[in-house]
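Structural characterization, general
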Amino acid sequence: AQSVTQLDSQVPVFEEAPVELRCNYSSSVSVYLFWYVQYPNQGLQLLLKYLSGSTLVESINGFEAEFNKSQTSFHLRKPSVHISDTAEYFCAVSGDSSYKLIFGSGTRLLVRP
Amino acid sequence: GAVVSQHPSRVICKSGTSVKIECRSLDFQATTMFWYRQFPKQSLMLMATSNEGSKATYEQGVEKDKFLINHASLTLSTLTVTSAHPEDSSFYICSARDRTDSYEQYFGPGTRLTVT
């Protein structure tokens, strides 16, 4: 069985400060990892993904995440956040034959001026 | 890129009526579509997996007679909430997986259902 843990339900941070949103997973099969962002009353947008290859993956808007197999983590980082980054962020894992995505509980990133 | 649409985006219905939500993959063929439900300030809960041409697979605790899913073509899946009640009010989101054996899912914008 697969599961995802996002320990932080909310992360407040000041604009232009760095941020890390934590994600840990458990899985008995190969994993594919995703970060999705959700703005109020909208669906999910894929932020970045790890499928294979380089363990460090980046998004076009400055976020990055590193797949760490030994620590079973896929933390999301950004060196300098903007007000517009305020949103809900979901970490998800997939990898078994069902192709289901298992979501974490989400972390609300609140960027303050 | 892969685009998934949902219709309607918002719907208000009276208790006891049925509501149909459509999920379409606009620029790719989706052998598998997933339906999720999201309560306020919570994560997505998978309701069912819909495969084209076959019966949907429901997650434990989801009533298949209440949430009817049809995946009649490679680009369309529908979710019908039958005899809706206020507790069915929620945000329903679909996603689609393309045919190329990918683990990536593309999400629709969601449908806000309010049952009065």
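Residues numbered from 1 in each chain as written. Chains lettered and ligands numbered in written order. Predicted model: local features only at pLDDT ≥ 70, side-chain atom pairs only at ≥ 80, totals over all residues. Heavy atoms only, no water.

1. Considering the overall build of chain A
Filter applied, for reference: Per the convention used, a helix needs a DSSP run of H or I reaching at least four residues, while a strand needs a run of E reaching at least two, with both numbered from the N terminus. Throughout this description, buried means an accessible area under 20% of the type-specific maximum (1.4 Å probe, protein chains only), exposed means over 50%, and partly exposed covers the range between. Here a residue-residue contact requires only that any non-hydrogen atoms of the pair lie within 4.5 Å. The accessible surface values rely on the Shrake-Rupley method and a 1.4 Å probe; as for residues, cover is taken only from the protein chains in view.
Within chain A, the secondary structure is distributed over 0 helices and 12 strands. Moving toward the C terminus, one meets the helices and strands of chain A in the order β-β-β-β-β-β-β-β-β-β-β-β. Across the 113 residues that make up chain A, the buried fraction comes to 46%. Restricting the contact set of chain A to residue pairs at least 6 apart, pairs at least 24 apart contribute 58%. For chain A, the accessible surface area stands at approximately 5500 Å², while carbon and sulfur atoms represent 49% of it.

2. Here we look at the state of the cysteines
Residue and element names in this part refer to chain B. Test applied: Pairs of cysteine sulfur atoms within 2.5 Å are identified as disulfides in what follows.
As enumerated under the stated definition, the model contains 2 disulfides over all chains in all. Disulfide pairing places C23 opposite C94 at an S-S distance of 2.0 Å. Sign of the S-S torsion, about 80° for the bond between C23 and C94, identifies this disulfide as right-handed. Within this pair, whereas C23 is found in strand β3 (residues 19–25), its partner C94 is found in strand β9 (residues 90–98), the two being separated by 71 residues in sequence. For C23, a relative accessible area of 0% translates into the label buried. Judged by relative accessible area, which is 0%, C94 ranks as buried. For C13, which is in no disulfide, the shortest distance to another cysteine sulfur is to C94 and amounts to 18 Å.

3. Things to note about the environment of A:L48
Residue and element names in this part refer to chain A. Assignment of secondary structure puts L48 in strand β6 (residues 44–50). When the C-alpha atoms of L48 and R108 are compared, they prove to be 17 Å apart, with 60 residues separating the residues in sequence. In contact with L48, other than residues within four places in its own chain, are L33, F34, W35, V57, E58, S59, F63, E64, A65, F74 and L76.

4. Quick word on the interface of chain A and chain B
For the record, the criterion: Here the quantity called buried area is the total loss of accessible area, with a 1.4 Å probe, experienced by two parts when brought into contact, counted for both. Salt bridge, as used here, is a side-chain nitrogen of Lys or Arg placed within 4 Å of a carboxyl oxygen of Asp or Glu. We define a polar contact as two N or O atoms separated by no more than 3.5 Å, with the added condition that, inside protein, one atom must be a possible hydrogen donor and the other a possible acceptor, whereas residues neighbouring each other in sequence contribute only through side-chain atom pairs.
Contacts between the two partners involve 21 residues from chain A, matched on the other side by 22 residues from chain B. In this assembly, chain A packs against chain B so that about 1700 Å² is buried in total across both faces, 55% of it on carbon and sulfur atoms. Across the contact surface, chain A and chain B share 2 salt bridges. A:K100 is the partner of B:E59 in a salt bridge, and the nearest nitrogen-oxygen pair spans 2.7 Å. For the pair chain A and chain B, the interface holds 7 residue pairs in polar contact (both at pLDDT 80 or more). Among the elements of the structure, β5 (32–38), β6 and β10 (87–94) of chain A are those that each provide at least two residues to the side of chain A that touches chain B.

5. Notes on the environment of B:S73
Residue and element names in this part refer to chain B. Inspection of the secondary structure puts S73 in strand β7 (residues 67–73). Placed 47 residues apart in sequence, S73 and L26 show a C-alpha to C-alpha distance of 12 Å. A distance of 3.2 Å separates the side chain of S73 from the backbone nitrogen of L76, its partner in a polar contact.

6. Details of the sheet that holds strand β8 (residues 76–81) of chain B
All names here are of chain B. The condition is simple: In this description, strands pair whenever DSSP reports at least two bridges between them. Comment: axis = line fitted to C-alpha atoms, over the contacting stretch for helices; angle = value between 0 and 180 degrees taken between N-to-C directions.
Spatially, β1-β3-β8-β7 is the arrangement adopted by the 4 strands of the open sheet, whose pairing is antiparallel. Each of the sheet's edge strands pairs with one partner strand only, and the pair in question is β1 (4–7) and β7. Here the strands of the sheet are splayed against their neighbours by 15° on average, with no regard to which way each runs. Alignment of β1 against β3, held across 4 bridges, turns out to be antiparallel. When the bridges of β3 are listed, S5 appears paired with R24.

7. Here we look at the pattern of salt bridges
Within the structure shown, the criterion is met by 7 salt bridges over all chains. In this structure, the salt-bridge partner of B:E104 is A:K49, at a minimum N-O distance of 2.4 Å. Of this pair, B:E104 sits in the loop between β9 and β10 (106–107) while A:K49 sits in strand β6, on two different chains. For A:K49, a relative accessible area of 31% translates into the label partly exposed. Between A:K78 and A:D85 there is a salt bridge whose closest N-O contact spans 2.8 Å. A:D85 carries the same exposure label as A:K78, and that label is buried.

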